[in-house]
Amino acid sequence: MTSHETEPPAPDGAADAVSVVAPQLRALRRRAGLTLEAAARAAGLSPAHLSRLETGQRQPSLPMLLALARVYATTVSDLLGETAADRDAVVRADAMEPTEAGGWTYWQAGGAGRGMQALRVRVPHGSQGDIVRVHPGEEWLYVLRGRLRLRLGDTVHRLGQGDSAHFDSLTPHRIAAQDPDGVELLFVHTLLQSPSAALCLGPTPGEMP
């Protein structure tokens, strides 16, 4: 079992969000023509854990949502059942509703149905810093506030406000807040064009220095 499969049952306050996400996850998987086992393997989850997400017994974390969005060649907005009125090119600040997943808070900063997904993300200290991500595509992030610890392969980078990183997502990577106050980022990633593309999420032995 990978390290991000230990999510607690959804709290009462998240019940509405889970009730929307669960059927969306199932519908998108079926639309992609993937079995539960194939989708779970592509997202680095066990079939049992994905089944619990699809039935609303567990609340998915943001990394899980990103992983499943890539597997299904869609966006987190689509997974959450959010719709963009007319694919407006401009996203107004007052239209960015915060969403919490696995301790992270994020805001959609781009339109739905695009080849890239843009998010503003707040990462608390100690939240999911042990999750290693490996998947096709590219990622770009920019530190808005706080300090970020970014591990790319065997190299650890510490980024401060105004620093950015742009890297190939096939490089094993993980991010964590350096300071107790957390870190806030702009985050852009490419979406997979094929739902059958491989994706692997899981722990890396040892602690990040």
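Note that this is a predicted model, so its numbers are computed, not measured.

(A) Spatial organisation of the pattern of salt bridges. Here the structure, examined in full by the defined rule, presents six salt bridges. Taken together, the salt bridges that share partners define one network made up of Arg120, Arg122, Arg145 and Glu184.

(B) Geometry of the packing of helix H2 (residues 36-43) against helix H3 (residues 47-54). Put simply, H2 and H3 touch, their axes get as near as 8 Å, and they point 105° apart. Taken together, the axes of H2 and H3 lie roughly perpendicular to each other. Contacts between H2 and H3 involve Leu36, Glu37, Ala39 and Ala40 from the first element and Pro47, Leu50, Ser51 and Glu54 from the second. The residue inventory of the contact of H2 with H3, partitioned by class, reads five nonpolar, one polar and two charged.

(C) Just the nonpolar core, in detail. Counting residues in hydrophobic clusters, the biggest one holds 43 residues, and the most contacted among them are Leu50, Leu68, Tyr72, Tyr106 and Leu148. No other element matches helix H4 (residues 62-71), which puts eight residues into this core.

(D) Up close: the environment of Leu65. Here Leu65 lies in helix H4. Its relative accessible area of 2% is what places Leu65 among the buried residues. Along the backbone, Leu65 and Leu80 are 15 residues apart, and their C-alpha atoms lie at a distance of 9.0 Å. Not counting the four nearest positions on each side in its chain, Leu65 is found in contact with Val21, Pro60, Val76, Leu79, Leu80, Ala101 and Tyr106.

(E) Expanded view of the sheet that holds strand E8 (residues 164-168). On the basis of which strands lie adjacent, the open sheet formed by six strands has the order E1-E2-E3-E10-E5-E8 and antiparallel pairing. Two strands lie at the open edges of the sheet, namely strand E1 (99-101) and E8, each paired on one side alone. Each strand of the sheet is rotated relative to its neighbour by a mean of 25°, with strand direction disregarded. Pairing between strand E2 (residues 104-108) and strand E3 (residues 116-123): four bridges, direction antiparallel. Bridge pairing in E3 places Trp107 opposite Arg120.

(F) Here's a closer look at the packing of aromatic side chains. Under the counting rule described, the total for this entry stands at one aromatic pair. Between Trp140 and Tyr142, the ring centres sit 6.2 Å apart and the planes meet at 20°, which makes this aromatic pair stacked.

(G) Region of interest: the packing of H2 against H4. One can describe the packing of H2 onto H4 by two numbers: an axis separation of 9 Å at closest approach and a directional angle of 120°. Classified by the angle between their axes, H2 and H4 sit oblique to one another. In terms of crossing hand, the pair formed by H2 and H4 is right-handed. Facing H2, whose interface residues are Ala39, Ala42 and Ala43, H4 presents Ala67, Leu68 and Val71. Tallied by class, the residues present in the contact of H2 with H4 amount to six nonpolar, no polar and no charged.

(H) Summary view of H4. With ten of ten residues buried, H4 is to be regarded as a mostly interior element. Along H4, the residues classified as buried are Leu62, Pro63, Met64, Leu65, Leu66, Ala67, Leu68, Ala69, Arg70 and Val71. Looking at the residues trailing H4, positive phi occurs at Ala73, about 55°.

What counts and what doesn't
- Residues numbered from 1 in each chain as written.
- Predicted model: local features only at pLDDT ≥ 70, side-chain atom pairs only at ≥ 80, totals over all residues.
- Heavy atoms only, no water.
- Salt bridge = Lys/Arg side-chain N within 4 Å of Asp/Glu carboxyl O.
- Axes fitted to C-alpha atoms, helices over the stretch in contact; angles between N-to-C directions.
- Helix = DSSP H or I, 4+ residues; strand = E, 2+ residues; numbered from the N terminus.
- Parallel < 35°, antiparallel > 145°, perpendicular 65-115°, else oblique.
- Contact = heavy atoms within 4.5 Å.
- Nonpolar A, V, L, I, M, F, W, Y, C, P; charged D, E, K, R; others polar.
- Core = buried A, V, L, I, M, F, W, Y, C linked by side-chain atoms within 4.5 Å.
- Buried < 20%, exposed > 50% of the residue type's maximum accessible area, 1.4 Å probe, protein only.
- Pairing = 2+ DSSP bridges.
- Phe/Tyr/Trp six-rings, centres within 6.5 Å; stacked < 30°, edge-to-face > 60°.
- Left-handed = near helix turned anticlockwise from the far one by under 90°.

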